[in-house]
Amino acid sequence: MTELGDVAWPPAPIRTERLVLRESEARDRAAFIELFTSPEVGTYIGGPRPRDECERALPETPERRPGLFVIELDGAMIGTIELNRRDAERRSHVRPDAGEAELGYLFLPEAWGGGYAAEACAAALGWFADMLPGEPVVLCTQTANDRSMRLAAKLGFTEVQRFEEWGAEQWMGVWSPISPSG
Ligand SMILES: CC(C)(COP(=O)(O)OP(=O)(O)OC[C@H]1O[C@@H](n2cnc3c(N)ncnc32)[C@H](O)[C@@H]1OP(=O)(O)O)[C@@H](O)C(=O)NCCC(=O)NCCS
């Protein structure tokens, strides 16, 4: 994936009712390792990464790049949300020139079921709509990933198409910001 492009980064931390969305910091490293090595988190996204490989490969401050938000609850990281550009070589696009903005989310299992992902994604989409007004966002997830499918629907993504990739059925949805008139 490539970076978002013309956005001011990092923004000031974004606060929601219960969460803070902010840039990654060195103190998040242990939570990143948990996230990347968790079998539950990896179930529908290619499996967990080996812990020793993660320990070796992750820089002191992991995943610091435009569009990558760490989600913090009560002072600790519970997950990440990323908005970036969909690679042109990936299957399925909604723009003829490809390069759509794409939303991705990874939360630690102990934070599932509390509505945190929905709260954080809504805030990240709001930030995106302010940065790049009128631009749609796509999202791809395995149809077997029930939690992710429910989250996508709750956020207002609507189905564009289903397709096979990596040996599983994938769902692509699109979200469009509501225009001031609509
Ligand atoms: C996908 C993922 C982020 C969804 O997390 P989640 O916690 O289920 O999502 P939400 O934030 O929407 O929370 C929804 C649940 O919180 C419950 N909830 C509890 N309190 C709530 C509150 N105050 N507000 C809203 N919902 C609340 C909802 O009822 C809902 O429960 P249900 O799923 O049993 O119906 C998470 O499963 C994950 O990180 N998976 C691994 C990574 C992954 O597969 N990512 C997708 C890659 S494409």
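The structure this text deals with has already been given above.
Residues numbered from 1 in each chain as written. Predicted model: local features only at pLDDT ≥ 70, side-chain atom pairs only at ≥ 80, totals over all residues.

## Topic: the overall build of the protein chain
Item 1. A tally of regular secondary structure across the protein chain gives five helices and eight strands.
Item 2. Its helices and strands taken in sequence order, the protein chain reads β-β-α-α-α-β-β-β-α-β-α-β-β from the N to the C terminus.
Item 3. Taken against the 2.2 N^0.38 rule, which gives 16 Å for 182 residues, the C-alpha radius of gyration of the protein chain at 16 Å falls within 12% of a compact globule.
Item 4. For the protein chain, the spread of C-alpha atoms along the principal axes amounts to about 45 × 40 × 30 Å.
Item 5. Restricting to contacts in the protein chain with at least 6 residues of sequence separation, those with at least 24 account for 66%. (Helix = DSSP H or I, 4+ residues; strand = E, 2+ residues; numbered from the N terminus. Rg over C-alpha atoms; globule rule 2.2 N^0.38 Å. Contact = placed C-beta atoms within 7 Å.)

## What about the site of the ligand?
Item 1. Taken together, 21 residues lie around the ligand, and F107, G115, A117, A118 and R147 are the ones closest in.
Item 2. Of all the secondary structure elements, the ones that give two or more residues to the shell around the ligand are β5 (101-107), α4 (116-131) and α5 (146-155).
Item 3. The greatest single-element share of the shell around the ligand, amounting to five residues, is contributed by α5.
Item 4. Of the residues belonging to the shell around the ligand, the class tally is 11 nonpolar, seven polar and three charged. (Near = placed C-beta within 6 Å. Nonpolar A, V, L, I, M, F, W, Y, C, P; charged D, E, K, R; others polar.)

## A closer look at the sheet that holds strand β4 (residues 76-85)
Item 1. Taking strand neighbours across the sheet as the criterion, the eight strands line up as β1-β2-β3-β4-β5-β6-β8-β7 in an open arrangement whose pairing is mixed. Pairing within the sheet leaves two strands with one partner each, and these edge strands are β1 (14-15) and β7 (158-165).
Item 2. As judged from the two bridges shared by β5 and strand β6 (residues 137-142), these two strands associate in the parallel manner. Within β6, the residue paired with A101 across the bridge is V137.
Item 3. Packing of α4 onto the sheet brings it into contact with β1, β2 (19-22), β3 (68-73), β4, β5, β6 and β8 (168-175), and relative to β4 it is tilted by some 40°. (Pairing = 2+ DSSP bridges. Axes fitted to C-alpha atoms, helices over the stretch in contact; angles between N-to-C directions.)

## Here's the deal with the environment of A57
Item 1. If you trace the backbone, A57 turns up in helix α3 (residues 51-57).
Item 2. We classify A57 as exposed; it has 11 C-beta atoms within 10 Å.
Item 3. Considered as a pair, A57 and L103 are 46 residues apart in the sequence and their alpha carbons are 24 Å apart. (Buried ≥ 20, exposed ≤ 12 C-beta atoms within 10 Å, placed from the backbone.)

## A closer look at the environment of T37
Item 1. With respect to the element layout, T37 can be found in helix α1 (residues 29-37).
Item 2. As a C-alpha pair, T37 and R51 span 14 residues in sequence and 5.8 Å in three-dimensional space.
Item 3. Look past the residues within four positions of T37 in its chain and what remains in contact with it is P48, R49, R51 and C54.

## A look at the pairing of β3
Item 1. Taken across its six residues, β3 has five buried, putting it largely inside the fold.
Item 2. Relative to β3, β2 runs antiparallel, the two sharing four bridges. Within β3, the position partnered with L21 by the bridge is I71.
Item 3. Pairing of β3 with β4 involves six bridges; the strand directions are antiparallel. Bridge pairing links V70 to T80 in β4.
Item 4. Hairpin connection, β3 to β4: the antiparallel pair is bridged by two residues, and D74 has positive phi, about 50°.

## Re the pairing of β8
Item 1. Relative to β8, β6 runs antiparallel, the two sharing six bridges. Considered in β8, the bridge of C140 is made with M172.
Item 2. Across seven bridges, the pairing between β7 and β8 is antiparallel. Looking across to β8, one finds that E159 is bridged to G173.

## A look at the nonpolar core
Looking at soluble globular proteins, one finds that nonpolar side chains tend to be buried together.
Item 1. In terms of nonpolar packing, the biggest core is built from 34 residues, with I71, A120, C121 and A124 touching the most fellow members.
Item 2. Among the elements that line this core, the one with the most residues is α4, at seven residues.
Item 3. Look past the residues within four positions of A124 in its chain and what remains in contact with it is L21, F69, I81 and L83. (Core = buried A, V, L, I, M, F, W, Y, C linked by C-beta atoms within 7 Å.)

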